[in-house]
Amino acid sequence: MSRVYNFSAGPAMLPEDVLSTAREEMLDWQGSGMSVMEMSHRGKEFMSIATKAESDLRRLMAIPDNYKVLFLQGGASSQFAMIPMNLATTKKQVDYFNTGAWSKKAIAEAKRYCDVNVVWNGEQGNFSATPEAGDFQLNADAAYVHYTPNETIGGVEFPYIPDCGDVPLVADMSSTILSRPLDVSRFGLIYAGAQKNIGPAGLTLVIIREDLITDSLDYTPSMFKYSIHADNDSMYNTPPTYAMYLAGLVFASLLEKGGLEAMAETNQRKAEKLYATIDNSSFYQNPVEIRSRSWMNVPFTLADSELDSVFLQQAAERGLMTLKGHRSVGGMRASIYNAMPEQGVDALIDFMQAFASEHA
Ligand SMILES: *Cc1c(COP(=O)(O)O)cnc(C)c1O
């Protein structure tokens, strides 16, 4: 067996120790005689898996007691609708930052349910920056403020958490959650599709402050109500059991590896050396302003885009896969989430340097 370094933006690499445990437990989970996939979600075996996944996540992220953790489905994309349907009920005005492709999708969906005020728009600047703290004016009467801390496609990351006073802050953390320690108490709601830094696709994580779990808009489907999922401990219907199990293995693995402090240290080092390689070469370029560069998604272009396909082909020959940039940006993108080993980044850097000197 040989595993490649997969730089995909998502679904992305999973820690190898997690995959090995899943393989060992595949046919017979801890003497139960069945696979986790075959278990009743209400049986005591699966309940213990779900309980441990939640408590490990709470420990990992230091989630305060007045927050609910929900294991949902429908991807981060469903949250684009679920958030306004549940949080913009009495107040109809909401504030959104537009820092890239995912912000735009969240805004388009929210507009169907409430009055969206775009407080800062990075589109004119080709989504290569985030606002300075003084560059925007928030509405003190908004139901919530929404932002995308890390834009997966543009590789743009907020270097700080916006201060919204008493207005709840809502964050699409799909591509940055678990990459470093986070002060959860600054947020009203955090959500993330699992397939980047948590586990397999099919699971969506929501961390919501309890006082925000209230009435929804009248026509909200039951499956789109936070209250229903919170009242039923994420077991209103059959949850994505196997994805929850794998996410639980990831949480346990991260705790064992030193938690989010340790992740932050490695992630920062991985990102800094990759950006240094780009900056120290006239062959590669990254379009993002330095203070807003993502630790997780690193887009870059080659001096001559005619070389893109040769670059991708030679990279693949070395086991460096899925480096093609998003179609809207072009060039390359290296996604270097928690599960990308530092050796993978080193191998990419070696290849980039060799390629540049051959083609400069
Ligand atoms: C991947 C991604 C999404 C979409 O997630 P789905 O689970 O596919 O709906 C939304 N927001 C961000 C920031 C992402 O990276």
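Summary of the structure given here. (Residues numbered from 1 in each chain as written. Predicted model: local features only at pLDDT ≥ 70, side-chain atom pairs only at ≥ 80, totals over all residues. Heavy atoms only, no water.)

1. What about the side chain of Ser-35?
Note the cut-off: The numbering of helices and of strands both runs from the N terminus, where a helix is a DSSP run of H or I of at least 4 residues and a strand a run of E of at least 2. Whether a residue is buried, partly exposed or exposed follows from its accessible area with a 1.4 Å probe, protein chains only, as a fraction of its type maximum: under 20%, in between, or over 50%, in that order. We call two residues contacting when some pair of their heavy atoms lies within 4.5 Å.
Residue placement: Ser-35 occurs in the loop between α1 (16-24) and α2 (44-61). Of the residues examined, Ser-35 reaches a relative accessible area of 7% and is grouped as buried. Not counting residues up to four positions away in its chain, the partners in contact with Ser-35 are Met-26 and Leu-27.

2. Overview of the pattern of salt bridges
Side-chain pairs of opposite charge can arise where the charged atoms are in close proximity. Where we set the bar: When a carboxyl oxygen of Asp or Glu lies within 4 Å of a side-chain nitrogen of Lys or Arg, that pair is called a salt bridge.
Within the structure shown, the criterion is met by 17 salt bridges. Between Glu-16 and Arg-3 there is a salt bridge, with the nearest N and O atoms lying 3.5 Å from each other. In this pair, Glu-16 is assigned in helix α1 and Arg-3 in the segment before β1 (5-6), connecting sequence segments 13 residues apart. On the accessibility criterion, Arg-3 (40% relative accessible area) is partly exposed. With its nearest N and O atoms 3.0 Å apart, the salt bridge here joins Asp-17 to Lys-257. Taken as a pair, Asp-17 in helix α1 and Lys-257 in the loop between α6 (241-256) and α7 (259-279) lie far apart in primary sequence, 240 residues in all. Of the residues examined, Asp-17 reaches a relative accessible area of 32% and is grouped as partly exposed. Residues participating in the shared-partner salt-bridge network are Arg-269, Lys-273, Glu-342 and Asp-346.

3. Description of the sheet that holds strand β2 (residues 67-72)
Going by this rule: Here, any two strands with at least 2 DSSP bridges between them count as paired. Every axis corresponds to a line fitted to the C-alpha atoms, with the helix fit spanning only the stretch in contact, and the corresponding angles, defined between N-to-C directions, vary from 0 to 180 degrees.
Reading across from one edge, β2-β10-β9-β8-β5-β3-β4 is the order of the seven strands in this open sheet, with mixed pairing throughout. Strands with a single pairing partner mark the edges of an open sheet, and in this sheet they are β2 and β4 (115-121). Direction aside, neighbouring strands of the sheet carry axes that sit 15° apart on average. Seen against the sheet, α2 touches β2 and β10 (204-209) and runs at an angle of roughly 130° to β2. Of the strands in this sheet, β3 (93-98), β4, β5 (145-147) and β8 (169-172) are in contact with helix α4 (residues 101-110), which crosses β3 at around 160°.

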